[in-house]
Each structure stands twice: as C-alpha cells, then as structure tokens.
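One-letter residues, chain by chain:
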Amino acid sequence: MSPRQPLALGIGCDRGTPAASLAWVVVEALALCGATLQDVVAVASIDLKADEPGLQEFAHWQGWHITFYPAAALAGIEVPNPSETVRKYTGTPSVSEAAALLAAGTDMRQLLVEKHKYRGPDGRNATVSIARIPQ
C-alpha cells in the first residue's frame with residue numbers, strides 16, 4: 001500500500017458558522033476524494049476569518065494551525081469556480097479554492113475537491129476545497 005498523499009484544505013464560511021458545521025463540511029469533502037482528517041497537513045482561509053470563533057474552535061479540535069491569506073493573495077490564484085458574490089464581500093473571487101491551492105503550493109490541476117458547499121441547520125454556509133500537496 002502506498003503512503004497517503006498530504007492534503008491542504010481551504011475553508012470559507014459565513015460569520016458565526018459553528019465549529020460543528022465546519023467539521024461536517026470538511027468530513028463530507030474529504031469523503032468525496034477518499035481521504036480522512038489524518039491526511040490534512042495544511043489548512044487555510046482568508047484573513048477576514050482570522051477571528052472567526054467556529055473556525056478557531058474546529059482547528060483547535062483537530063490540532064491544526066490555520067494560515068490566513070489576504071484577499072489580494074487569494075485573488076491572484078486561478079480557480080475553476082470564481083464568484084462575483086464572494087468578490088463583493090471579501091475582495092477576492094475565491095476563498096476556499098484559492099486558499100487550498102496557496103496552502104498546497106500548487107495550481108488547480110491538483111484540486112481534488114472544488115468548492116464543496118454545506119448549509120448548516122442554522123442557515124450558515126461553509127465551503128471547503130481540497131488540494132493535493134505535491135511531493
């Protein structure tokens with residue numbers, strides 16, 4: 001059996017998204033590419049979310065350090081699913097896809113899961129993208 005490929009997660013979410021909703025969307029996205037939480041070695045988001053309690057709580061549960069990128073850095077990354085709505089609110093057309101690719105140090109050919117969306121029971125939205133980290 002070959003060793004598992006290390007993965008980078010990019011996470012975007014509404015303000016006030018609970019940690020449980022983030023856990024749910026991450027586990028769903030990982031299942032889509034046959035991966036597990038143990039395969040995750042890098043996690044990233046936009047700097048606007050650096051103070052987001054649910055994101056901090058979820059990262060703490062997993063023992064993850066999250067890298068937060070400014071909108072300008074994310075905006076410079078080519079992604080398959082840019083969004084004008086996301087640009088309007090954040091200053092970049094992509095948070096989760098661009099953050100995953102930046103954290104993985106790669107381009108969209110290594111994107112395993114594009115912009116997987118989840119709406120929690122409270123109506124808050126979260127998005128996760130997963131990129132393979134080149135070895």
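The structure we're discussing is the one just above.
A brief structural summary. Just so you know, these numbers come straight off a predicted model, no measurement behind them.

### Examining the overall build of the chain
1) Next: Looking only at helices and strands, one finds five helices and five strands in the chain.
2) Next: For the chain, the α and β elements follow one another from N to C terminus as β-α-β-α-β-α-α-α-β-β.
3) Next: Rg of the C-alpha trace for the chain: 13 Å, near the compact-globule value of 14 Å for 135 residues, within the 12% margin.
4) Next: Projected onto its principal axes, the C-alpha coordinates of the chain cover approximately 45 × 30 × 20 Å.
5) Next: Looking at the chain residue by residue over its 135 residues, the buried ones come to 46%.
6) Next: Considering only intrachain contacts with a sequence separation of at least 6, the fraction spanning at least 24 residues in the chain is 65%.
7) Next: Here the chain has roughly 6,900 Å² of accessible surface; of this, 54% comes from carbon and sulfur atoms.
8) Next: For the chain, the distance from the average site of its 11 positive side-chain charges to the average site of its 13 negative ones is 3 Å.

### Topic: the environment of D47
1) Next: Relative to the helices and strands, D47 is located in the loop between β2 (40–46) and α2 (53–62).
2) Next: When the C-alpha positions of D47 and V113 are compared, they lie 22 Å apart, and in sequence the two are 66 residues distant.
3) Next: Setting aside chain neighbours within four positions, we find D47 in contact with F68, Y69, P70 and A71.

### Section: the pairing of β2
1) Next: Across the seven residues of β2, six count as buried, placing the element largely inside the fold.
2) Next: Looking at chain direction, strand β1 (residues 7–13) and β2 are connected through four bridges and run parallel. Looking at β2, one finds that L7 is bridged to V40.
3) Next: A crossover links β1 with its parallel partner β2, the connecting element being helix α1 (residues 19–32), and its sense is right-handed.
4) Next: Across four bridges, β2 lies against strand β3 (residues 66–69) in parallel orientation. Within the sheet, the bridge partner assigned to A44 lies in β3 and is T67.

### With respect to the sheet that holds strand β4 (residues 111–119)
1) Next: In spatial order, the strands read β3-β2-β1-β5-β4; together these five strands make up an open sheet with mixed pairing. Only two strands of the sheet have a single neighbouring strand rather than two, namely β3 and β4. With strand direction ignored, the average angle separating the axes of adjacent strands in the sheet is 25°.
2) Next: Pairing between β4 and strand β5 (residues 125–132): six bridges, direction antiparallel. Residue pairing for β5: Y118 is matched across the bridge by A126.
3) Next: In the packing of α1 onto the sheet, the strands contacted are β1, β2, β4 and β5, and the crossing angle to β4 comes to about 145°.
4) Next: Of the strands in this sheet, β1, β2, β3, β4 and β5 touch helix α5 (residues 96–104), which is tilted by about 30° from β5.

Reading the values: the criteria
- Residues numbered from 1 in each chain as written.
- Predicted model: local features only at pLDDT ≥ 70, side-chain atom pairs only at ≥ 80, totals over all residues.
- Heavy atoms only, no water.
- Helix = DSSP H or I, 4+ residues; strand = E, 2+ residues; numbered from the N terminus.
- Rg over C-alpha atoms; globule rule 2.2 N^0.38 Å.
- Buried < 20%, exposed > 50% of the residue type's maximum accessible area, 1.4 Å probe, protein only.
- Contact = heavy atoms within 4.5 Å.
- Areas by Shrake-Rupley, 256 points an atom, 1.4 Å probe, with all protein chains shown as cover.
- Lys, Arg positive; Asp, Glu negative; His and termini not counted.
- Charge placed at Lys NZ, Arg CZ, Asp CG, Glu CD.
- Pairing = 2+ DSSP bridges.
- Right-handed = clockwise from strand over helix to strand, strands pointing away.
- Axes fitted to C-alpha atoms, helices over the stretch in contact; angles between N-to-C directions.

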